[in-house]
Amino acid sequence: MLRPIDLLGEWTLHRTVLDRRAGIDGLVTGTTTLSCTAPDAVRWDEVGTMAFDGRTVPVSRTLWVRRGSDDGWTVHFSDGRVFHDWVWGSSVSHACAPDDYSGVLAGDTERWTVRWEAHGPAKDYVLDSTLRRRTHPAD
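To start, this report covers the structure provided alongside it. No experiment lies behind these values; they were computed from the predicted model shown. (Residues numbered from 1 in each chain as written. Predicted model: local features only at pLDDT ≥ 70, side-chain atom pairs only at ≥ 80, totals over all residues. Heavy atoms only, no water.)

What follows concerns the sheet that holds strand 10 (residues 124–133). Taking strand neighbours across the sheet as the criterion, the 10 strands line up as 6-5-4-3-2-1-10-9-8-7 in an open arrangement whose pairing is antiparallel. With one partner strand each, in any of the chains shown, strand 6 (82–85) and strand 7 (91–96) form the two edges of the open sheet. The mean angle between the axes of side-by-side strands here comes to 25°, regardless of whether they run parallel or antiparallel. Where strand 1 (residues 9–19) lies against strand 2 (residues 24–38), 11 bridges are found, and the strand directions are antiparallel. Counted as the bridge partner of D19 is I24 from strand 2. (Pairing = 2+ DSSP bridges. Helix = DSSP H or I, 4+ residues; strand = E, 2+ residues; numbered from the N terminus. Axes fitted to C-alpha atoms, helices over the stretch in contact; angles between N-to-C directions.)

Structure representation (structure tokens):
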């Protein structure tokens, strides 16, 4: 099982978006950076562009991954709310009424994936992200 500290560094980000409710496919390309800010905290920054529905817009987000007293890691939104437990290779969930989210983090120290599915009365989409270790600035 990989820990967030095993994935520190810069990654190229490629994310497909399939929004079944809106009938729109999208693509996010950019960079993800995981940096250790304290022994028990990793900052997860994403920045890039999203192309969808004939438009291109800049996107970014920051997540925090923090180690708890039980030595397990938890992913938090930038405002501190809990997103999900850091579980490698098994399904995780995030309840956000009225919709339900399920996700999987998997891969290795050179290439990893994050898949999220959201289902409910307000959302029906799949996000598939592939992250590859950045080997030089021109990736």
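It is worth spelling out the environment of P39 at this point. As for its position among the elements, P39 is in the loop between strand 2 and strand 3 (41–52). For P39, a relative accessible area of 65% puts it in the exposed group. In contact with P39, not counting residues within four places along its chain, are R67 and W73. (Buried < 20%, exposed > 50% of the residue type's maximum accessible area, 1.4 Å probe, protein only. Contact = heavy atoms within 4.5 Å.)

With 28 residues, the main nonpolar core has L7, W44, W86 and W112 as its most contacted residues. Contributing elements (two or more residues each) for this core: strand 1, strand 2, strand 3, strand 4 (55–67), strand 5 (73–77), strand 8 (99–107), strand 9 (111–119) and strand 10. Those residues in contact with W86 that lie beyond four places of it in its chain are M1, L2, R3, P4, L7, W44, V65, W73, T74, V75 and L105. (Core = buried A, V, L, I, M, F, W, Y, C linked by side-chain atoms within 4.5 Å.)

Moving on to the pairing of strand 2. Between strand 1 and strand 2, which follow one another and run antiparallel, lie four residues, and G23 among them has a positive phi close to 70°. What sits between the antiparallel neighbours strand 2 and strand 3 is a turn of two residues.

Secondary-structure assignment places D128 in strand 10. You can call D128 partly exposed: its relative accessible area is 28%. Sequence separation between D128 and V65 is 63 residues, and the spatial gap between their C-alpha atoms is 20 Å. Each residue touching D128, except ones within four places of it in the same chain, is listed here: H14, R15, T16, V114 and R115.

So, about the pairing of strand 9. Walk down a regular strand and you will see the side chains alternate between the two sheet faces. Burial of the side chains of strand 9 is restricted to one face: W112, V114, W116 and A118 are buried, whereas none of R111, T113, R115, E117 and H119 on the reverse face is. In this sheet, strand 9 lies alongside strand 8 in antiparallel orientation, the contact comprising eight bridges. Bridged to G107 within strand 9 is W112. The hairpin formed by strand 8 and strand 9 contains three residues between the paired strands. Bridge count for strand 9 against strand 10 is nine bridges, and the pairing is antiparallel. Within strand 10, the residue paired with R111 across the bridge is R132. Here strand 9 folds back onto strand 10 in antiparallel fashion, the turn holding four residues, of which G120 has a positive phi close to 160°.

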